[in-house]
Each structure stands twice: as C-alpha cells, then as structure tokens.
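# Structure at a glance
Each chain, letter by letter, is given below.
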Amino acid sequence: MNLFIVSDIHGMYQQFEHLINKWDMESKLVILGDMIDRGPQSLDVIRKVMDLKQTYGQQVIVCKGNHEVMFLNYLTLPEANVDFYFRNGGRQTMDSFLNQLPNETKALNPIEQAAVIKEKFNEEIAFIESAELYVVVGGVLLTHAGFETAYDNLDESNEDNFLWMRNHYLKENQTPYVNVFGHTPLKFIHEQDDIWISEDCKYIGIDGGCCYGGQLNALHISEKGEILNSFYEK
C-alpha cells in the first residue's frame, strides 16, 4: 500500500484542487490536518475532502490538526476562545462559512455567529470531529504535529503532542516508524518550502507554508517509508 499525503492546506482550495489531480487513486490519500484557517476557502476545502471521503471511503484518511481543534473549541465555547482563534486565522474560516448564509448573519457578533454555524453546518462540523488524531500505516506514522520521541510506545504521547508539538524532529525517533508530519512550515526547518527528510530518514516534514506564499506539498510514499515521488502547487 502506498500513501499520497497532503498537509496544512489552510483554506488554499485552488492549490489543493490542482494537487489532488496528481493522486493516482490507488494509493491511500491522507489529509494530515489544518484544512482550515488563514486562507480564503476553508469551507470549500472541507467539502472537497468530505466528497473524497464519501466517494473513496477507507481509501481516504483524514487527521485533525490544531486549527481544527481551535475551530471546534471556538464553536463550543465562543466567549472563551474567539480572540485566540481569530488571531490565528479563524476569521477567514468564519467568513467562508458566513458567505453561504444570508447577509444579515454577517451583522451578528462572533458569539452569535458561532451558534449559527453550529446549527447550519452540523455535517461539516461532525466530519471535522471524526478526524483521526494520528494513524499508523505499515511502517509510517502520520501525525499533524509531533509525538513524544523519548519513547518507542506511541501511548506515551498525549493529544497535545500530536496536534501542537514543535521540534520533535530534533530528537531521535525511538519508534520503528518513519514519521510524516506537517504543522511546522519547512522554512523553519531548512529555510525552503520543499519537503524535508532527516539524515536518518525517520522524519519527513511536508508543510510548505502555502498560506504564507509558499507551496502546497504532496508526498507519495510506500507503507515501508520509501519515498516514491513528491509534488507541489504554488
């Protein structure tokens, strides 16, 4: 089994649509979190991934990222989370939802808007809630962010590790898996947007920072962790 992995789409729908045309539909398609926020078309991205999942079923794997968690936290407790969420690109996501609703909805305050979104977009919200925290396929560990590298047992990692962790790739990977991750833009790892591979080949970073003017990367890899190809869209 091969994998076609995309991460950190961040509402950049056009790049995602073009990139997905490179998928051979025989490999498993993996969306590695952060579908939303910052870019202009988060709702379109969510619905595209939902359509892919509905069409191809178990052939499509969806993991959640920290931005999906921020979105869900905002909808659950908007008063407590609105400022943090909007500082991190949530306003653009809300706009993509509100553009599908009557204009008067845009005049509501963000607390009221959260209630409307929960009511009108329950299918999209349920889909985000159902996303995986991490997935292992063969010898490949798929995480949005990181995991606790000090142990060879993934159970030692907590939820925040998988969603929020930084710099885990600076430590030796004690697991038997090759870890493919997003979350950290590659310019912070090796000063460019291309896919990064650690010297021991146990870590592969793929977040090309598309929403910051970089590129959206896709990694084609075997379940043994052998890189088959890579693609990108600017």
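Anything mentioned here points back to the structure above.
This text gives an overview of the structure that appears in the document. (Residues numbered from 1 in each chain as written. Predicted model: local features only at pLDDT ≥ 70, side-chain atom pairs only at ≥ 80, totals over all residues. Heavy atoms only, no water.)

## Thoughts on the sheet that holds strand 7 (residues 196-197)
Ordered by their spatial adjacency, five strands build an open sheet running 4-5-6-8-7, and the pairing between neighbours is mixed. Where the open sheet ends on each side, the last strands, each with one partner, are strand 4 (134-137) and strand 7. Note that strand 7 and strand 8 (residues 203-205) share two bridges and pair antiparallel. Bridged to Trp-196 within strand 8 is Gly-205. (Pairing = 2+ DSSP bridges. Helix = DSSP H or I, 4+ residues; strand = E, 2+ residues; numbered from the N terminus.)

## A look at the nonpolar core
Counting residues in hydrophobic clusters, the biggest one holds 45 residues, and the most contacted among them are Val-6, Phe-16, Ile-31, Phe-71 and Ile-117. Other than its neighbours up to four places away in sequence, Val-6 contacts Phe-16, Leu-19, Val-30, Ile-31, Leu-32, Ile-206, Leu-216, Asn-217 and Ala-218. By size, the runner-up hydrophobic cluster in this structure holds 17 residues, among which are Val-30, Leu-32, Ile-61 and Ile-195. (Core = buried A, V, L, I, M, F, W, Y, C linked by side-chain atoms within 4.5 Å. Buried < 20%, exposed > 50% of the residue type's maximum accessible area, 1.4 Å probe, protein only. Contact = heavy atoms within 4.5 Å.)

## Describing the environment of His-18
Relative to the assigned elements, His-18 resides in helix 1 (residues 13-20). Given a relative accessible area of 39%, His-18 falls into the partly exposed group. Sequence-wise, His-18 and Leu-216 are 198 residues apart; in three dimensions their C-alpha atoms are separated by 9.9 Å.

## A short note on the packing of aromatic side chains
On inspection of all chains with the given rule, the structure shows 14 aromatic pairs. Seen in terms of ring centroids, Phe-84 and Trp-164 are 6.5 Å apart; in terms of plane orientation they differ by 35 degrees. Their pairing is tilted. You can see Phe-84 sitting in helix 4 (residues 78-87) and its partner Trp-164 sitting in helix 8 (residues 159-164), a full 80 residues away along the chain. By relative accessible area, Phe-84 is classed as partly exposed at 37%. Ring geometry for Tyr-169 versus Trp-196: centroids 5.4 Å apart, planes at 65 degrees, classification edge-to-face. Separated by 27 residues along the polypeptide, Tyr-169 in the loop between helix 8 and strand 6 (178-181) and Trp-196 in strand 7 bring together distant segments of the chain. Three or more aromatic residues joined by ring pairs make a cluster, and in this case those are Phe-71, Tyr-74, Tyr-85, Phe-86, Phe-97 and Phe-121. (Phe/Tyr/Trp six-rings, centres within 6.5 Å; stacked < 30°, edge-to-face > 60°.)

## Focus on the sheet that holds strand 9 (residues 216-222)
Taken in spatial order, the five strands line up as 3-2-1-9-10 in an open sheet, and their pairing is mixed. The open sheet has two edge strands, strand 3 (60-63) and strand 10 (227-233), and neither has a second partner. In this sheet, adjacent strand axes meet at a mean angle of 15 degrees when their direction is disregarded. Across five bridges, strand 1 (residues 2-6) lies against strand 9 in antiparallel orientation. Across the sheet, residue Leu-3 finds its bridge partner in strand 9, namely Ile-221. (Axes fitted to C-alpha atoms, helices over the stretch in contact; angles between N-to-C directions.)

## Concerning the pattern of salt bridges
What the rule picks out here adds up to four salt bridges. When the shortest N-O distance is used, the salt bridge between Lys-187 and Asp-193 registers 3.6 Å. (Salt bridge = Lys/Arg side-chain N within 4 Å of Asp/Glu carboxyl O.)

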